[in-house]
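Chains, contacts and geometry: an overview
What follows is the residue order along each chain.
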Amino acid sequence: DCPAPAVASTRTLDPHVESLLLEALADPKSKLVKAHEIGARIQKTAERVRATEEELDTFLATGLASVLGPERYRAEVERRQGDVRAAQRELDEALRANLVLGQAGSRTPEQLVEAWPELTMDEKRAVVRAYIDRVIVEKADPARRRWQPISERVQVRWVGESASRRD
């Protein structure tokens, strides 16, 4: 889906992203999703799923196809179905984050930082999945290529962070 695919060596990318995660976990003012926030997120997204499903059901029950015409009616149904799917994806993500944090031992961020060197690779992956939504790598500056630091080309989007704000 990327209009400008970029590549980076995992030898440099992974340690950089790992250091950003550990730095964010160690920061008491961090905006990372905390374990106690996931329950509220699950409840909020479950309510959104219910509301969007209700809206779709209500729209379908009104029988507006003859009033709106088939094209517009279909578009309105598809829009509402898209809202339901988006809400269900958010709920799935919240449930997955809850499961992943459970797999990580429900440790506090401070405990995760302290235990990090002793965690197994599977435990580290679980922590990464709980906190990192995605890592975005930009193409290197053509004039600098491999001499451009990875930190200038990478953005981490944290779980729960809006798409418009990237670190």
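Not measured: the values here are computed from a predicted model. (Residues numbered from 1 in each chain as written. Predicted model: local features only at pLDDT ≥ 70, side-chain atom pairs only at ≥ 80, totals over all residues. Heavy atoms only, no water.)

1. Quick notes on the overall build of the protein
Each helix and strand in the protein was counted, giving 6 helices and 2 strands. In the protein, the succession of helices and strands from N to C terminus is α-α-α-α-α-α-β-β. Out of the 167 residues in the protein, the part that is buried amounts to 33%. Sequence separation of at least 24 residues holds for 64% of the intrachain contacts in the protein that already meet a minimum separation of 6. As displayed, the protein has an accessible area near 11,100 Å², and 52% of this comes from carbon and sulfur atoms. (Helix = DSSP H or I, 4+ residues; strand = E, 2+ residues; numbered from the N terminus. Buried < 20%, exposed > 50% of the residue type's maximum accessible area, 1.4 Å probe, protein only. Contact = heavy atoms within 4.5 Å. Areas by Shrake-Rupley, 256 points an atom, 1.4 Å probe, with all protein chains shown as cover.)

2. A word on the environment of E76
Mapped onto the fold, E76 is located in helix α4 (residues 70-103). The exposure class of E76 is buried, given its relative accessible area of 18%. The spatial distance from the C-alpha of E76 to the C-alpha of A65 is 9.9 Å, given a sequence separation of 11 residues. In contact with E76, other than residues within four places in its own chain, are F59 and L68.

3. Looking at the packing of aromatic side chains
Considering all chains together, one arrives at 1 aromatic pair under this definition. The interplanar angle of 20° and the centroid separation of 5.3 Å between the aromatic rings of F59 and Y73 together place this pair among those described as stacked. Of this pair, F59 sits in helix α2 (residues 35-62) while Y73 sits in helix α4, and the two are 14 residues apart along the sequence. Note on accessibility: F59 and Y73 belong to one class, buried. Between R80 and the ring centre of F59, over which it is positioned, the NZ or CZ distance is 4.1 Å. (Phe/Tyr/Trp six-rings, centres within 6.5 Å; stacked < 30°, edge-to-face > 60°. Lys NZ or Arg CZ within 6 Å of the ring centre and 35° of its normal.)

4. Notes on the environment of S9
Examined against the element boundaries, S9 turns out to sit in the segment before α1 (10-26). Take S9: its relative accessible area is 32%, and that puts it in the partly exposed class. For the pair S9 and I150, spaced 141 residues apart in sequence, the C-alpha separation works out to 9.2 Å. Of note is the side chain of S9, whose polar atom sits 3.1 Å from the backbone nitrogen of R11. (Polar contact = N/O pair within 3.5 Å; in protein donor to acceptor, adjacent residues only side chain to side chain.)

5. Here we look at helix α6 (residues 121-131)
By the burial criterion, the buried members of α6 are K124, A126, V127, A130 and Y131. Along the axis of α6, the buried positions cluster into a sector of 160°, meaning they face one direction only. (Arc of directions from axis to C-beta.)

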